[in-house]
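One letter stands for each residue in the lines below.
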Amino acid sequence: MIAYITIGSNDLPRAKAFYQAILPPLGYDFSEGREGLSFVLPVPEGEQPSAPDVYVKRPFDGAPATAGNGMMVAFQARTQAEVRDLHGAALAAGGQDDGAPGFRAAYSAGFFVGYLRDPDGNKIALFSSNPDEPSRDD
């Protein structure tokens, strides 16, 4: 299991606007501290986390944050409409489109995904594979 993901940022206020546009609607609680931004899914008492926490911070070594080539973090939405809505909210919050929401021929018929770049250039995917919704082949 992945316990947490840390995403580097050079501009925490811009990163905050971007990630607050997509993560709280997916159920993440937000907090901000001296070291950066924290997004954590609530875990009922007595249960183990089922998804990783997300931290957005300046790099620990003090060097500029850079986007990793080939690195991407994907967040699962509940519906295709939520993917579209969150993709739009992220664009309005300073993100850049890296692939409009839709089905991709290379993926399974029910995999609906939109791609973005956050304000620091990190690649983010928002996807839904809800079996109760139409697929590419419907």
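See the structure printed just above.
The structure reproduced in this document is the subject of the present report.

Definitions and cut-offs
What you see as residue numbers is a count from 1 along each chain, following the sequence as written. Since the coordinates come from a predicted model, pLDDT governs what is reported: local features require at least 70, and pairs of side-chain atoms require 80 or more to be given and counted, while whole-chain, interface and lining totals use all residues. To get the side-chain values, all heavy atoms of the structure are used, and hydrogens and water are removed first. Centre distance within 6.5 Å is the pairing criterion for rings of Phe, Tyr and Trp, where only the six-membered ring of Trp is used; planes under 30 degrees apart are then read as stacked, over 60 as edge-to-face, and the remainder as tilted. Here a helix means four or more residues in a row that DSSP labels H or I, a strand means two or more in a row labelled E, and each is numbered from the N terminus. Buried, partly exposed and exposed residues are distinguished by accessible area as a fraction of the type maximum, computed with a 1.4 Å probe on protein chains only: under 20%, between the cut-offs, and over 50%, respectively. A carboxyl oxygen of Asp or Glu within 4 Å of a side-chain nitrogen of Lys or Arg is what we treat as a salt bridge. Residue count minus one, scaled by 1.5 Å, sets the expected span of a helix. This arc corresponds to the set of directions leading from the helix axis out to the C-beta atoms. Pairs of residues are marked as contacts when any of their non-hydrogen atoms sit within 4.5 Å. Nine residue types can take part in a nonpolar core, namely buried Ala, Val, Leu, Ile, Met, Phe, Trp, Tyr and Cys, and a core is a set of them joined through side-chain atoms within 4.5 Å. Two strands are said to pair when DSSP picks up at least two bridges between them. Structural elements are reduced to axes, namely lines fitted to C-alpha atoms, with helices fitted over the stretch in contact, and the angle between N-to-C directions of any two is expressed from 0 to 180 degrees.

### Description of the packing of aromatic side chains
Throughout the structure, instances matching the rule amount to eight aromatic pairs. Residues Tyr28 and Phe75 carry aromatic rings whose centres are separated by 6.1 Å and whose planes lie at 90° to one another, so their mutual orientation is edge-to-face. Remark: Phe75 occurs in strand 5 (residues 72–76) and Tyr28 occurs in the loop between helix 1 (12–22) and strand 2 (29–33); sequence separation between them is 47 residues. For Phe75, a relative accessible area of 4% corresponds to the buried category. Between Phe30 and Phe39, the aromatic rings sit 5.0 Å apart at their centres with planes inclined by 40°, giving tilted as the arrangement.

### Structural notes on the pattern of salt bridges
Enumeration over the complete set of coordinates arrives at six salt bridges. One salt bridge in this structure joins Glu32 and Lys16, with 2.8 Å as the shortest N-O distance. One end of the pair, Glu32, is in strand 2; the other, Lys16, is in helix 1, and 16 residues separate them in sequence. Residue classification places Lys16 among the partly exposed positions, given a relative accessible area of 26%. Between Arg117 and Asp98 there is a salt bridge, with the nearest N and O atoms lying 3.1 Å from each other. You can see Arg117 sitting in strand 7 (residues 112–117) and its partner Asp98 sitting in strand 6 (residues 96–103), a full 19 residues away along the chain. Three or more residues are tied together by salt bridges with common partners; here these are Asp98, Arg117 and Lys123.

### What about helix 2 (residues 80–92)?
Spanning 13 residues, helix 2 covers 19 Å between terminal C-alpha atoms, matching the ideal 18 Å at 1.5 Å per step. Gln80, Glu82, Val83, Leu86, His87 and Ala90 are the residues of helix 2 that are buried. In an axial view of helix 2, the angular spread of the buried residues amounts to 155°, which keeps them on one side of the axis. The exposed residues of helix 2 that point more than 90 degrees off its buried face are Asp85 and Ala92. Check the buried side of helix 2 and you find it contacts helix 1, strand 6, strand 7 and strand 8 (123–128). The first or second residue beyond helix 2 is Gly94, which carries a positive phi of 105°.

### Let's talk about the nonpolar core
Counting residues in each nonpolar core, the largest one holds 24 residues, and the members touching the most others are Tyr19, Ile22, Leu23 and Phe75. Those elements that provide at least two residues to this core are strand 1 (4–8), helix 1, strand 3 (36–40), strand 4 (53–57), strand 5, helix 2, strand 7 and strand 8. Sequence-distant contacts of Ile22, defined by excluding residues within four places in its chain, comprise Leu86, Ala90, Ile124 and Leu126.

### Describing the sheet that holds strand 7
The four strands lie next to each other as 5-8-7-6, forming an open sheet whose pairing is mixed. For this open sheet the edge positions go to strand 5 and strand 6, each flanked by a neighbour on one side alone. With direction set aside, neighbouring strand axes in the sheet form an average angle of 15°. Inspection of the sheet shows strand 7 paired to strand 8 by six bridges, in the antiparallel sense. Looking at the pairing, Tyr115 lines up with Ala125 of strand 8. Relative to strand 7, helix 2 is tilted by about 10°, and along the sheet it contacts strand 6, strand 7 and strand 8.

Geometric descriptors of this kind do not, in isolation, establish any biological role.
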